[in-house]
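# A structural walkthrough
One letter stands for each residue in the lines below.
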Amino acid sequence: MVLQYNYPTTILYGPGAVAELGRRLAAGAGRPFVLVTDAGVVKAGLAERVGRALLAAGLQIEPFADVHANPVEEDVERGVEAFRAVGAAGLIALGGGSPMDAAKAIAVLATHDGPLSRFDDSRGGDKLITQPLPPVYAIPTTAGTGSEVGRSSVIITRDTGVKTVIFHPSLMPRMAVLDPELTVGLPAFLTAATGFDAFTHGLEAYLAKGFHPMADAVAMGCMELVVEALPRAVARGDDIEARGRMLLAASMGATAFQKGLGVIHSLAHPLSTRYGIHHGLANALLLPTALAWQLEEKADAFTDDLRDRYQRVARLFRGREKARPGDLPEAVTAFRSRVGIEDTLAERGLEREDIPDLAREAYADPCHAQNPIALLESDLAAMYERCL
């Protein structure tokens with residue numbers, strides 16, 4: 001059964017949801033849609049599978065698979081050329097966060113003059129997105145980024161060389177398609193890494209500054225689903241129920257982080273740019289260290305509410321019903337090991353001599369602005385140091 005949720009994105013959930021999207025779009029489409037994906041999705045056979053389902057529903061499809069794992073501005077420009085060449089009616093993003101981010105940025109450059117760095121959210125670039133954007137529809141094949149319900153795109157821009165956040169309400173996809181059958185073939189390690197991305201979204205949104213009880217409730221629900229479903233999805237890749245719950249958790253995490261994120265995302269972004277580390281894995285490797293460092297080094301800045309929040313999250317984990325605030329880093333580390341993530345950032349390429357540049361890039365990243373504790377560039381450098 002395909003269920004529909006509206007929260008606030010229209011979400012089609014359940015096996016067969018891709019075919020339902022095709023039927024809905026074909027009913028009023030006279031022009032083709034560009035199917036934005038990447039080489040990994042093509043290699044896994046998912047692009048062909050989804051393309052067949054959409055074609056069978058009567059939809060015209062123009063494939064575009066030239067998207068990097070960490071998308072760059074050149075990917076977006078080539079996507080704009082493909083979009084204009086067929087006079088497309090819209091974009092369908094298929095894959096993880098990279099194709100979805102690329103599709104959103106294609107929608108921007110298809111209707112606005114570049115370069116993409118003009119639209120940098122940290123510099124007020126959202127005000128330059130003034131024209132209506134072509135519609136984007138999102139079909140995630142991983143359960144992590146939640147970009148299918150997000151209002152932002154993260155692209156490495158040509159003139160800055162760093163990940164640039166583009167944000168605008170009109171970037172939110174018109175419809176998100178959560179079909180767990182598409183995630184069944186995802187390898188265990190990628191299942192774990194993307195799942196930790198979803199968990200980190202929930203955690204950082206829950207801890208972020210500001211009063212937003214609706215986002216807090218969704219964030220807690222996200223984390224509860226990840227703690228319950230991720231080990232099952234890793235252990236048994238064909239567990240459709242667990243796969244479906246992880247897709248919902250990812251969408252919930254991204255819905256919650258409209259409240260804000262935190263320092264972990266700011267620290268993670270330069271690691272993907274410099275070392276090519278998968279974003280979810282970077283979050284997983286940073287998370288316990290960043291939590292522990294703040295507990296130890298910034299204890300005076302912890303409010304009673306923040307300590308309560310640490311404690312509530314720690315108690316989500318199996319066997320930790322009586323956990324205290326200080327138990328959260330250890331609980332996250334144990335959960336990380338349970339789903340097979342045993343790497344360290346040093347093993348993934350982190351070099352001490354790179355830390356000043358990494359810290360400078362991380363401090364320029366806007367995500368830490370909503371961190372519950374204000375941090376300096378030197379604090380971010382110290383957290384990287386702790387990871388060695």
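See the structure above.
In this report, the structure presented in the accompanying data block is examined. The model shown is predicted, which means the values in this text are computed figures rather than measured ones. (Residues numbered from 1 in each chain as written. Predicted model: local features only at pLDDT ≥ 70, side-chain atom pairs only at ≥ 80, totals over all residues. Heavy atoms only, no water.)

## Considering the overall build of the chain
- Of the regular secondary structure elements, the chain holds 14 helices and nine strands.
- Relative to the globule expectation of 21 Å for 388 residues, the C-alpha radius of gyration of the chain, 20 Å, shows essentially globular dimensions.
- The principal-axis extent of the C-alpha atoms belonging to the chain is close to 60 × 45 × 40 Å.
- Within the chain, buried positions represent 60% of all 388 residues.
- Pairs at least 24 apart in sequence give 74% of the contacts found in the chain among residues at least 6 apart.
- Only carbon and sulfur atoms are counted for the fraction: they give 52% of the accessible area of the chain, which is about 15,400 Å².
- Distance from the positive charge centre (38 side chains) to the negative charge centre (48 side chains) of the chain: 4 Å. (Helix = DSSP H or I, 4+ residues; strand = E, 2+ residues; numbered from the N terminus. Rg over C-alpha atoms; globule rule 2.2 N^0.38 Å. Buried < 20%, exposed > 50% of the residue type's maximum accessible area, 1.4 Å probe, protein only. Contact = heavy atoms within 4.5 Å. Areas by Shrake-Rupley, 256 points an atom, 1.4 Å probe, with all protein chains shown as cover. Lys, Arg positive; Asp, Glu negative; His and termini not counted. Charge placed at Lys NZ, Arg CZ, Asp CG, Glu CD.)

## Quick word on the pairing of strand β1 (residues 3-6)
- Pairing between β1 and strand β2 (residues 10-13): four bridges, direction antiparallel. By the bridge assignment for β2, Leu3 is matched with Tyr13.
- Connecting β1 to the antiparallel partner β2 that follows it, the hairpin turn spans three residues. (Pairing = 2+ DSSP bridges.)

## What to know about the pattern of salt bridges
- Throughout the structure, instances matching the rule amount to 29 salt bridges.
- Of the charged contacts, one joins Glu296 and Arg386 as a salt bridge, the two residues approaching to 3.2 Å between their closest N and O atoms. A residue pair is termed long-range when its members are at least 10 positions apart, and Glu296 in helix α10 (residues 279-297) and Arg386 in helix α14 (residues 377-386) qualify at 90 residues.
- A relative accessible area of 35% means that Arg386 is categorised as partly exposed.
- One salt-bridge network, held together by shared partners, links Glu228, Arg232, Asp239, Glu241 and Arg245. (Salt bridge = Lys/Arg side-chain N within 4 Å of Asp/Glu carboxyl O.)

## Remarks on empty space enclosed by the protein
- Counted according to the given criterion, the structure contains two cavities of 30 Å³ or more.
- Approximately 60 Å³ is the volume found for the largest cavity.
- Lining the largest cavity, in full, are Glu204, Leu207, Leu261, Gly262, Val263, Ile264, Leu291, Gln294, Tyr310, Asn371 and Pro372.
- Among the elements of the structure, α6 (188-207), α9 (263-275) and α10 are those that each provide at least two residues to the lining of the largest cavity.
- Lining of the second largest cavity is provided by Thr142, Ala143, Thr183, Leu186, Thr191, Thr194, Gly195, Leu230, Arg243 and Met246.
- For the lining of the second largest cavity, the secondary-structure elements that each account for two or more residues are α6 and α8 (240-256).
- In terms of residue count, the dominant contributor to the lining of the second largest cavity is α6 (three residues).
- Split by residue class, the lining of the second largest cavity holds four nonpolar, five polar and one charged. (1 Å grid on protein atoms, 1.4 Å probe; cavity = no way out; pocket = protein on both sides within 12 Å on 5 of 7 lines; lining within 4 Å. Points joined across faces, edges and corners; volume = space filled by probe spheres on them. Nonpolar A, V, L, I, M, F, W, Y, C, P; charged D, E, K, R; others polar.)

## Brief notes about a nonpolar patch on the surface
- Among the surface-exposed residues, Met1, Leu3 and Tyr5 lie close enough to one another that they form a single nonpolar patch of about 330 Å² accessible area.
- Here Leu3 is to be found in strand β1.
- Take Leu3: its relative accessible area is 31%, and that puts it in the partly exposed class. (Patch = residues over 30% accessible without salt bridge, like charges linked within 9 Å, V, L, I, M, F, W, Y side chains within 5 Å.)

## Here's the deal with α14
- Three or more residues of α14 are buried, namely Asp379, Leu380, Ala381, Met383 and Tyr384.
- Contacts made by the buried residues of α14 are with α9, α10 and α13 (355-364).

## A short note on the side chain of Glu204
- Among the secondary structure elements, Glu204 is positioned in helix α6.
- One buried charged side chain, Glu204, makes no salt bridge at all; its nearest oppositely charged neighbour is Lys259, positioned 11 Å away.
- One polar contact links the side chain of Glu204 to the main-chain amide nitrogen of Val263, over a distance of 3.2 Å.
- Setting aside its immediate chain neighbours within four residues, Glu204 contacts Gly260, Leu261, Gly262, Val263, Ile264 and His265. (Polar contact = N/O pair within 3.5 Å; in protein donor to acceptor, adjacent residues only side chain to side chain.)

## Let's talk about the layout of surface pockets
- If you add up the space inside the second largest pocket, you get close to 240 Å³.
- Taken together, 17 residues form the lining of the second largest pocket, with Val162, Lys163, Glu361, Ala364 and Asp365 sitting closest to its centre.
- For the lining of the second largest pocket, the secondary-structure elements that each account for two or more residues are β8 (163-167), α9 and α13.
- A per-class count over the lining of the second largest pocket returns six nonpolar, six polar and five charged.

## Considerations on the packing of aromatic side chains
- Summed over all chains, the structure comprises seven aromatic pairs.
- Among the aromatic residues, those joined into a ring-pair cluster are Phe196, Phe199, Phe317 and Phe335.
- Here the guanidinium or amino end of Arg309 rests over the ring plane of Tyr206, the centre of that ring lying 4.7 Å away. (Phe/Tyr/Trp six-rings, centres within 6.5 Å; stacked < 30°, edge-to-face > 60°. Lys NZ or Arg CZ within 6 Å of the ring centre and 35° of its normal.)

## Remarks on the packing of α6 against helix α7 (residues 213-235)
- Across the interface, α6 lies against α7 with an axial gap of 8 Å and an inter-helix angle of 165°. When the axes of α6 and α7 are compared, the pair comes out roughly antiparallel. Seen along the crossing, α6 lies across α7 with a hand that is left-handed. Along its contact with α6, which presents Ala188, Thr191, Ala192, Gly195, Phe196, Ala198, Phe199, Gly202, Leu203, Ala205 and Tyr206, the element α7 presents Asp216, Ala219, Met220, Cys222, Met223, Val226, Val227, Leu230, Ala233 and Val234.
- The residue makeup of the contact of α6 with α7, split by class, is 17 nonpolar, three polar and one charged. (Axes fitted to C-alpha atoms, helices over the stretch in contact; angles between N-to-C directions. Parallel < 35°, antiparallel > 145°, perpendicular 65-115°, else oblique. Left-handed = near helix turned anticlockwise from the far one by under 90°.)

## A few points about the nonpolar core
- Membership of the largest hydrophobic core comes to 78 residues, with the highest contact counts inside it found for Phe196, Phe199 and Val313.
- Take this core: its biggest share by element is twelve residues, from α7.
- Once residues within four sequence positions are removed from consideration, Phe199 is found in contact with Met223, Val226, Val227, Leu287, Val313, Phe317 and Val332.
- Of all hydrophobic cores here, the second largest spans 29 residues; its members include Val67, Ala88, Ala93 and Met100. (Core = buried A, V, L, I, M, F, W, Y, C linked by side-chain atoms within 4.5 Å.)

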